[in-house]
Amino acid sequence: MPARIDTAVGAAHTQMLGLGVYRPERIVPNSEIVGPIDSSDEWIQTRSGIRARRFASGGRGSADPESVIGMATEAGRRALAASNLDADQIGAVVLATSSQMVLGPSAGAVVATNLGMSDTAAFDVSAGCAGFCYALANASHMVRAGIAQYVLVIGVERLTDLLDPTDRSCAFIFADGAGAVVVGPSEEEGIGPVAWGSDGSQTAAIKQDKDFQEFFAEVAEKGAEAGRPFIRMQGTAVFRWAATFLEKACRDALDKAGVSAEDLDVFVPHQANSRITDALVRVLKMPENVVVAKDIAEAGNTSAASIPLAMDQVLRTGGAQPGDTALLMGFGAGLAYAGQVVRLPRIAE
Ligand SMILES: CC(C)(COP(=O)(O)OP(=O)(O)OC[C@H]1O[C@@H](n2cnc3c(N)ncnc32)[C@H](O)[C@@H]1OP(=O)(O)O)[C@@H](O)C(=O)NCCC(=O)NCCS
């Protein structure tokens, strides 16, 4: 007889307890971006809704406050405070990013140690701008499965390290920041089933234009003239996909949670572009009283960090309250998407 293997038993329901964010100090208005892309403040605001964004300053090292590790650590610290939890109560750290430009160690493991955790499970998730919602789903599943009581979820980006300031499609869109939540058990459901998917046939729509091997081959050939890797985007293709396909993704998340658009208090889509948000609000026939996150105006598109940053914006200034019912929907490079209906968390003071 083979030995019986025990099953862990977790919580019936989960919720986001507390939210913490880190916004880089440096505010960059459109006027600082327009020169190299021959654009204007008016064009950028009309096409994207962006008035300004935050760019990280200083080095990329783990001790630098506005590195991927530094921003993630501070957002994580604030999420723990908002959740009234200590670092040693966290059973796992799941960190979503596309801009920690080393293959190892995972940023999650370094952040866990920075926060004072020891022997805590930690790993990174690479799902582009959908990364936070992928990480949130995984965290919720871990708590339900009984393998962690509390999980710290972080979305963090320093996309300026991948930004070509002369690229007319990307230079005005992408930016930096971090946001984090703690997921834990709950009396009632606070994180609905995830609706998620991907389409690898559309990798060219948003991608890093060269990998390490291509970069080093170019360095060997051209020396200092070699161009470093940049993020590239086929703006029209992304816009078309987002404005059409994502209606189905949002409806799927609502159906899985048994919730209709009329039941929502808040809509927090990935802050890709305010025209995409407006198109989704229209096709989903969101009632007028639903608060719609528009953090992109001051934060730009921060990829995996955008949804927690946008939750912070609606909770701090946008008329939403902790406990409100919200639809989250992350989408981008992959192309990939993930979203779920949630109850909004508390925010750090
Ligand atoms: C990037 C985006 C704003 C570009 O807008 P667009 O209307 O598709 O732009 P096009 O490339 O078709 O160009 C339209 C015109 O604007 C001009 N233009 C393009 N980029 C410009 C810029 N940065 N500044 C000023 N003018 C610009 C073009 O030259 C063109 O001019 P013309 O009509 O005189 O030939 C748009 O495609 C978009 O919002 N895509 C989705 C991006 C997104 O959300 N990404 C995040 C995904 S996670």
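For the structure given in this document, a descriptive report is provided here. (Residues numbered from 1 in each chain as written. Predicted model: local features only at pLDDT ≥ 70, side-chain atom pairs only at ≥ 80, totals over all residues. Heavy atoms only, no water.)

### Digging into the sheet that holds strand 15 (residues 346–347)
- Spatial strand order, 5-4-6-7-1-15: six strands in an open sheet with mixed pairing. Since the sheet does not close on itself, it has two edges, and those belong to strand 5 (121–125) and strand 15, each with one partner.
- In this structure, strand 1 (residues 13–22) lies alongside strand 15, joined through two bridges in parallel fashion. Looking across to strand 15, one finds that leucine 19 is bridged to isoleucine 347.
- Across the sheet, helix 3 (residues 68–82) lies against strand 1, strand 4 (92–96), strand 6 (151–158), strand 7 (176–186) and strand 15, angled at about 125° from strand 1, the strand it touches most.
- Contacts from helix 5 (residues 131–145) reach strand 1, strand 4, strand 5, strand 6 and strand 7, with the element oriented near 165° to strand 6. (Pairing = 2+ DSSP bridges. Helix = DSSP H or I, 4+ residues; strand = E, 2+ residues; numbered from the N terminus. Contact = heavy atoms within 4.5 Å. Axes fitted to C-alpha atoms, helices over the stretch in contact; angles between N-to-C directions.)

### Quick look at the site of the ligand
- Near the ligand you find 22 residues, and of these Ser39, Arg47, Arg168, Gly235 and Asn273 are the closest.
- Taking serine 39, its side chain carries an N or O atom lying 2.6 Å from a nitrogen atom of the ligand.
- At a separation of 3.0 Å, a nitrogen atom of the ligand approaches a polar backbone atom of arginine 168.
- Contact with the protein chains removes 69% of the 950 Å² of surface that the ligand exposes when unbound.
- Mapped by element, the contributors of at least two residues to the shell around the ligand are helix 2 (41–48), helix 7 (235–257) and helix 8 (274–283).
- Looking at the shell around the ligand, the element that brings in the most residues is helix 7, giving four residues.
- Among the residues making up the shell around the ligand, the classes are represented as twelve nonpolar, six polar and four charged.
- Inspection of the shell around the ligand shows a minimum of three residues originating in each of domain 1 (13–186) and domain 2 (195–200 + 231–347). (Near = heavy atom within 4 Å. Polar contact = N/O pair within 3.5 Å; in protein donor to acceptor, adjacent residues only side chain to side chain. Areas by Shrake-Rupley, 256 points an atom, 1.4 Å probe, with all protein chains shown as cover. Nonpolar A, V, L, I, M, F, W, Y, C, P; charged D, E, K, R; others polar. Domains from an automatic or database assignment.)

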